Structures are given as structure tokens and as C-alpha cells.
Amino acid sequence: MIELFLSRYVYLFVLALLAIGLYGVLAKQDLVKKLIGLVIFSTAIYIFYIEGSLQEGGTAPVLDERGTDPALYVDPLPHLLILTAIVVGVGVLGVGLALLVRIYRAHGSLDESVVAERLAGRFPTDTELEDDQAERNPVAGADTPDDAPGDTDGDGRGPA
Amino acid sequence: MSQLPILPLLPLLFGAVLAMLISLWRAEAAQVVAILATSLSLVFSVTGLIRVVNEGRLTYDLGGWPPPVGIEYVLDPLSAFMVTIVAFIGLMVSLYPVEVAFDIRPGRGMPVYALALLLLTGLTGVMLSGDLFHLFVMLEIYAISTYGLVSLGGDRGTFAAFRYLLLGTVGSGLYLLGIGFLYFSTGTLNMADMAAILPGIADSPSVLGGLGLIVIGLALKMALFPLHIWLPDAHSFSPPGVAALLAAVQVKAGAYSLIRILFDVFGPTYLGAEGLPVSTALIWFGLAGVVVGSVLAIRQRDIKRMLAYSTVAQLGYIGVGIGLATPLALVGALLHVLNHALMKSALFLVAGGIIQRTGLKAIPRFAGLGKRMPLTMFGFAIAALSMVGIPPLAGFWSKFYLVLGAVEVGNWVVAVVIGASSLLTLVYFLRLFEQIFVREPEEALVAEATEPGSRIVGTVWTLAAAIVLVGAFTVVLVGDVLGPLAERMVG
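None of these values were measured; they are calculated from a predicted model. (Residues numbered from 1 in each chain as written. Chains lettered and ligands numbered in written order. Predicted model: local features only at pLDDT ≥ 70, side-chain atom pairs only at ≥ 80, totals over all residues. Heavy atoms only, no water.)

### Concerning the overall build of chain B
Part 1 of the argument: Assigned secondary structure in chain B consists of 21 helices and 2 strands.
Part 2 of the argument: Here chain B has a C-alpha radius of gyration of 21 Å; the compact-globule value for 491 residues is 23 Å, and the two agree.
Part 3 of the argument: Overall size of chain B, expressed as C-alpha extent along the three principal axes, is 70 × 55 × 40 Å.
Part 4 of the argument: Residue pairs at least 24 apart in sequence account for 81% of intrachain contacts in chain B once pairs closer than 6 positions are excluded.
Part 5 of the argument: In the structure as shown, chain B presents an accessible area of about 15,000 Å², 70% of it carried by carbon and sulfur atoms.
Part 6 of the argument: One way to put it: in chain B the 25 positive side-chain charges average out to a point 11 Å from where the 25 negative ones average out. (Helix = DSSP H or I, 4+ residues; strand = E, 2+ residues; numbered from the N terminus. Rg over C-alpha atoms; globule rule 2.2 N^0.38 Å. Contact = heavy atoms within 4.5 Å. Areas by Shrake-Rupley, 256 points an atom, 1.4 Å probe, with all protein chains shown as cover. Lys, Arg positive; Asp, Glu negative; His and termini not counted. Charge placed at Lys NZ, Arg CZ, Asp CG, Glu CD.)

### Quick look at the domain arrangement of chain B
Residues and elements named next belong to chain B.
Part 1 of the argument: By domain assignment, chain B separates into domain 1 (1-268) and domain 2 (277-491).
Part 2 of the argument: Between the C-alpha centres of domain 1 and domain 2 there is a distance of 22 Å.
Part 3 of the argument: Listed per partner, the contact involves 46 residues of domain 1 and 47 residues of domain 2.
Part 4 of the argument: Interface area, domain 1 with domain 2, both sides summed: about 4,100 Å², of which 81% is carbon and sulfur.
Part 5 of the argument: Summed over the three residues of domain 1 that lose the most area to domain 2, namely Phe81, Phe225 and Phe263, the buried surface amounts to 16% of that side.
Part 6 of the argument: At the surface where domain 1 touches domain 2, the tally comes to 3 salt bridges.
Part 7 of the argument: A salt bridge links aspartate 76 to arginine 488; its shortest N-O distance comes to 3.2 Å.
Part 8 of the argument: Counting across the interface, domain 1 meets domain 2 through 9 residue pairs in polar contact (both at pLDDT 80 or more). (Domains from an automatic or database assignment. Buried area = accessible area lost by both parts, 1.4 Å probe. Salt bridge = Lys/Arg side-chain N within 4 Å of Asp/Glu carboxyl O. Polar contact = N/O pair within 3.5 Å; in protein donor to acceptor, adjacent residues only side chain to side chain.)

### Things to note about the pattern of salt bridges
Residues and elements named next belong to chain B.
Part 1 of the argument: Counted according to the given criterion, the structure contains 12 salt bridges over all chains.
Part 2 of the argument: In this structure, the salt-bridge partner of glutamate 55 is arginine 51, at a minimum N-O distance of 3.6 Å. You can see glutamate 55 and its partner arginine 51 sitting in helix α2 (residues 29-55), 4 residues apart, about one turn around the helix.
Part 3 of the argument: A residue is classified by how much of its surface remains accessible, and glutamate 55, at 55% relative accessible area, is exposed.
Part 4 of the argument: Measuring nitrogen to oxygen at the nearest pair gives 2.5 Å for the salt bridge that ties arginine 260 to aspartate 264. (Buried < 20%, exposed > 50% of the residue type's maximum accessible area, 1.4 Å probe, protein only.)

### Observations regarding the nonpolar core
Residues and elements named next belong to chain B.
Part 1 of the argument: Counting residues in hydrophobic clusters, the biggest one holds 206 residues, and the most contacted among them are Ile89, Phe102, Tyr175, Phe380 and Phe429.
Part 2 of the argument: Tallying contributions element by element places helix α11 (residues 240-266) first for this core, with 19 residues.
Part 3 of the argument: If we skip the residues at most four places from it in the chain, isoleucine 89 touches Leu245, Ala248, Val249, Ala341, Leu342, Ser345 and Leu463.
Part 4 of the argument: Core analysis: the second largest hydrophobic core is formed by 13 residues, Leu287, Leu402, Val414 and Ile418 among them. (Core = buried A, V, L, I, M, F, W, Y, C linked by side-chain atoms within 4.5 Å.)

### Considering the side chain of histidine 228 of chain B
Part 1 of the argument: In this fold, histidine 228 of chain B is placed in the loop between α9 (205-221) and α10 (230-236).
Part 2 of the argument: With sequence-adjacent residues up to four places away left out, histidine 228 of chain B is seen in contact with Ala223 and Val312 of chain B.

### Description of the packing of aromatic side chains
Part 1 of the argument: Taken as a whole, this structure holds 19 aromatic pairs over all chains when the rule is applied.
Part 2 of the argument: With 5.8 Å between their ring centres and 70 degrees between their planes, phenylalanine 48 of chain A and phenylalanine 184 of chain B make a pair best called edge-to-face. Taken as a pair, phenylalanine 48 of chain A in helix α2 (residues 31-53) and phenylalanine 184 of chain B in helix α7 (residues 154-186) lie in two separate chains rather than in one.
Part 3 of the argument: On the accessibility criterion, phenylalanine 48 of chain A (7% relative accessible area) is buried.
Part 4 of the argument: By way of ring pairs, the aromatic residues Tyr11, Phe48 and Tyr49 of chain A together with Phe181, Tyr183 and Phe184 of chain B are connected into one cluster. (Phe/Tyr/Trp six-rings, centres within 6.5 Å; stacked < 30°, edge-to-face > 60°.)

### Some points on unusual backbone geometry
Both trends apply: most residues other than glycine have a negative phi, and most peptide bonds are in trans.
All names here are of chain B.
Part 1 of the argument: Following phenylalanine 225, the chain continues into proline 226 via a peptide bond in cis, with omega recorded as 0 degrees.
Part 2 of the argument: Between proline 391 and proline 392 the backbone carries a cis peptide bond, its omega angle lying at -5 degrees.
Part 3 of the argument: If you trace the backbone, proline 392 turns up in the loop between α16 (374-388) and α17 (394-408).
Part 4 of the argument: One non-glycine residue, alanine 223, lies in the positive phi region at around 60 degrees.
Part 5 of the argument: The residue alanine 223 is located in the loop between α9 and α10 in this model.
Part 6 of the argument: The phi dihedral of alanine 325 falls on the positive side, at around 55 degrees, and the residue is not glycine.

### Concerning α16 of chain B
All names here are of chain B.
Part 1 of the argument: Compared with an ideal rise of 1.5 Å per residue, which puts 15 residues at 21 Å, α16 spans 21 Å between its outermost C-alpha atoms and is within 8% of the ideal.
Part 2 of the argument: Among the 15 residues that make up α16, 11 are buried, leaving the element largely enclosed by the rest of the structure.
Part 3 of the argument: Inspection of α16 places Thr376, Met377, Gly379, Phe380, Ala381, Ile382, Ala383, Ala384, Ser386, Met387 and Val388 among the buried residues, and these make up the whole buried set.
Part 4 of the argument: Against the buried residues of α16 lie α13 (303-324), α14 (327-358), α15 (369-372), α17, α18 (412-438) and α20 (454-472).
Part 5 of the argument: Where α16 terminates, the next one or two residues include glycine 389, which has phi positive at roughly 110 degrees. (Expected span 1.5 Å × (residues − 1).)

### Quick word on the interface of chain A and chain B
Part 1 of the argument: Contacts between chain A and chain B engage 51 residues on the former and 43 residues on the latter.
Part 2 of the argument: When the two sides are added together, the surface that chain A and chain B hide from each other amounts to roughly 4,200 Å², 70% of it contributed by carbon and sulfur.
Part 3 of the argument: Among the residues of chain A in contact with chain B, Tyr49, Leu99 and Leu119 of chain A are the three that bury the most area, contributing 13% of the side total.
Part 4 of the argument: One salt bridge connects arginine 163 of chain B with glutamate 112 of chain A, and the closest N-O pair in it is separated by 2.9 Å.
Part 5 of the argument: For the pair chain A and chain B, the interface holds 5 residue pairs in polar contact (both at pLDDT 80 or more).

### Describing the pairing of strand β2 (residues 72-75) of chain B
All names here are of chain B.
Part 1 of the argument: Because side chains alternate across β2, one face comprises the buried residues Glu72 and Val74, and the other comprises Tyr73 and Leu75, equally buried.
Part 2 of the argument: Bridging between strand β1 (residues 58-61) and β2 involves 4 bridges; their strand directions are antiparallel. Along β2, the bridge assignment pairs tyrosine 60 with tyrosine 73. (Pairing = 2+ DSSP bridges.)

Structural data, given as C-alpha cells:
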């Protein structure tokens, strides 16, 4: 039992990080914390790959005078895969943060329940919010043809 | 080694870069680039489809590195079929007027068409990839483009895009984790190679774990119930052109990956018997998606949200078809991929036309639109009747094959639910029909409305014509392309 734990402890950490990350994404109210949870989740996956690439007694996968036997080197392919995945993750993080900047500018808060409430229109509509929306979405007449921020989609809840 | 497998992708990729650069010079030029790129891709994919149907699968090794060392691009009838759909819908959305399609009149330097072309590149890459990790990279490429495109829908779109980002990345992460399990068990990432190795290690828990993770990750991308929660918000709050692209082709990439990996990489050893009850799960969750999606669609007052929930239901059909795992059911699922792409994009483009002329999105206020916009509404009628499943339009045939497939294995529950859900679909479209064709115009916005521009009517009619043609030539399509393909994959 103990040998099993000692030889596989990294996978337990991976599992813990996956759980923590998923908890962050699903249970946290703050949007930035959700994003951080996502990063933790992705990092756990990277650690899993790196752990799986390890070779007992292997060294860095650069060909040297030890020879060409693959058992002497760590498997380089997962490292490449994870480099790609990290770059993708950074891209996603960048887009996520950019979206958060827009959400913050529009609603002044990064709390999910506050933003959801404002979007559902249960907050009193303030003119600031509508001016912001009007200037940020220069739509050529596709939303409100008569420029009045009324109930245009008939769901009883303010501008679409 | 033919170059045809990579050709459908290249115009889209280079078109994306070119659209970005050319929009710095003149913003309208980007749309021209998009139209050219998607047309070129369509030409290549149709050529590819005809060639592989007659001659068999073609492969192309990126960089000249042979598999399993290098990344392989595979063009077989399934990929060519899907890539043609992507290119065609991409072309339709590119032709659509930009302010209505994307809710924004792009200024100089705004990469709206570049993002759309990147989305199409990612989708095409997913469908052509012969390597599991390359599929992940392409999956992420199109997902990131989608996050950007959905956020064009204003504040609600931005929030929906953020939520979709969270869930979508979790889904891709699960898929990546699954590939990790498979790689460490088999030592390869190439699909064909892995298909040769996998049957021998069917009792390995890590392989089964990989299968489970991959199925869940892809089911999330495909918006299969209960992992569909990101879809209604993302599709209803995005601009009509974006929603057309998303509903028509983006979720189908997830379905395609599932079909490819389940049937070609894992094969019959893994489906159902020992190991994981993947087929049963897909059937039951698919049926649940059909019922939940249809019922929730009935409750919606906003037309885009109704169409979004309808998409959840239609994806349930595709899930059921994949789960049944018989040739006829798979034919039904693939046919539904094509039909739903045509029907749903036509419906979203019609919604765009309505929004352009009246700004209305609420169904109760649509009264009398048929009299003011007869041409557009004719296209709507064809698409809606096809969705309900009226023969001889295309939508009927996909449900027909699904039911045949279900009856073939004796799964009567599926057959009954598919039939009953067509009635549910009829309910929510009947409301629209009544509003549009039977009632008189009640709102001033409707009474003064005119027919939307010629490009909107043109694209809607092209899609409607495609629906009619596909319906008429289904037998040819199934006999020559989909039938043999399904036989090879499942039989």
C-alpha cells in the first residue's frame, strides 16, 4: 500500500488539483476565481503528462554520448504536447481575461451573481449603462430601430 | 501521397491572415477575402469528396514525416463529407451582410472575418486530422475563435462567451487527459496506428479511463445533454451569422470527433460489450437531450433562444444515432448532421433578416411577418417544415434512418421517442407558423417592414434549395457516400 502511494503520489496530486480546479470553476462566485480554477485544472493535466513521460533513471531527451537506446532518455513527446497545450492555455487565459475586462467595464463587478442579475434586468436600468451599451455596440440599426431603450424582445425585461 | 487532404484547409487559414491584414486597408475587403476563401475551400472539398468516394481514402503527411512519427491528414468519405458542409455554411455566412451577421460594422483593423475564417480553419482541421493531439489543437483553435465571435453579441454575449470559455476549456482538458491515458498505454497518437494497437489491450483500466474521458470531453463540445448548458446562452446571445455558424457546424465538429474516435480508433471491441457502456449512455443521454431540448424550446419567446434549444434536441438525435452503432443509425446521424446544418443556419439567417428589418426577436410580436416579407418567410417555411420532418424534405430522411436503425436492433424506445419528439418540434414551429402566416400585422414595426436585402434572401433561398435537393437526392447520397462509409465503420 505504502509502496503504491510512494510510487504514484504524483497522480494523487494530479487528481487533487483536478478536483480543486473543477471546484473553482463550478462553485466560486467570483469570475476571476473561476478562471484561476480553470488554470489549475489545466495545470493538473500538464503535470499528468510530464509524470507519464518519466523514465526510471532517464535523463533529458538530448542525444549524448550515452547512446541511442530510448530507455536512457525521458520520453520527449509528452513534453512537446504539453508545450503546445500550455500555449493554447495561455491563449484561452488571455481571451478569458479580455472578456472579464469587458464584463467589468459594463457592470462594475466581477461577481457572477451580480452580473447575472444585471443582465436579467432586475436592477433598475441606469442611463449610464445604456449609454455604455450604445457606444460600445455601434450596430447599424440591427437592435433598436427607434433608439429607445425599451423592451424590444418582448420578454418584459428591458432592452434585448 | 496526395495533397488533396490539406487543400480544403489552406485557403481558410491563409484567408484568415489575409482578411486580418486587408482589413487594415479597407474593412469591406475582408468580406471579399472570406467569400473567396470559403468558395475555394468548397471547391477543394467537393473535389476531394468525389475523389475519395471513387478511389478510397487519401492521406497527406505534414512536413513529409511519415506516420506514426509525423502528423497525418486523412481525407476519407466521412471527412470530405463534413468538410464540404463546413465550407458551404461558411460561404453562406460570408455572403450574408456583415452588420446583420455579426451585429457590428467592422472598422478598419477589426478582425471579424479573420476570426470567422479561423473558426472554419479549426473546424476543417478537426475533420481532416489523422492524429489525436492535432485534433485537440484544432479543437482549441476553433473554440477560441468562437469565444471571440460570441462576445460580439453585446454584454449578454460577452458573459455567455465567458461561461462557454470555462466549460469549453474543461471539455478540451478532459479530452486531452483522455489522450494522455491512451498515449501512455499505446505509445502512439496516430489514429490509424492506435486502431491497430487498441483491440489487444481492451482490458486495461487506463485505456477504458481514456475512453471515458474522451467521450465526456467530446460530449461537452457536442452539447450532448446534460453537458449542453453552455449552448442556449452562447447561441442565443450571439449575432445571427455567428449563431448560424455555431449551430450548424461548430457543434458538429464534436459529433464528428466522437464518431471518428469511437468507431475508427476504438472500434467495436470497446463499444458496449465489456468495459464502458458508452453506447447505452449515448442513447439515453441523447434521448434525454431530445426531450429536454424540445420541451424547453416550446417555452421560449425569443426566437434565437428557441432555435438554440432546438439545436440541443437535434444534437440529441445525433447522439442517439452514434449510440445505436448500427450502419443505418449512423447514416441517420450523419445525414442529420448535414440536414441540421442546412436547416438551422437557414433559420438563423431568417432570424437575422427579421432583426435587420424590424429589430424584433420576440415570437409573440412576429404577427403578420409573412405578408410583409414573403420571400424570406418562404425560405423559413421550407426550413421549418424540414425540421419538423415532413417528407420529402431533407429533415424527414434523417429521422427515418434513425428510426430504421433503432427498429433494426429492436430498440423501440428510441423509435417512439424520435417520433414523439417530431410532434414536439411541430408544436414550437407551429407557433411560429401561426404568427407569421396566419395572423395580420399587429405591430407598427411589422406593418412597415420590407423584405430584407437581396443577400439575405439569396442565402436563405440557397439553403432552402439545398434542403430540397438533399431531400430529393437522399437515396443517392446514402447509397454512394454515407451507406458504404457507415458499413465500413460499424459493420
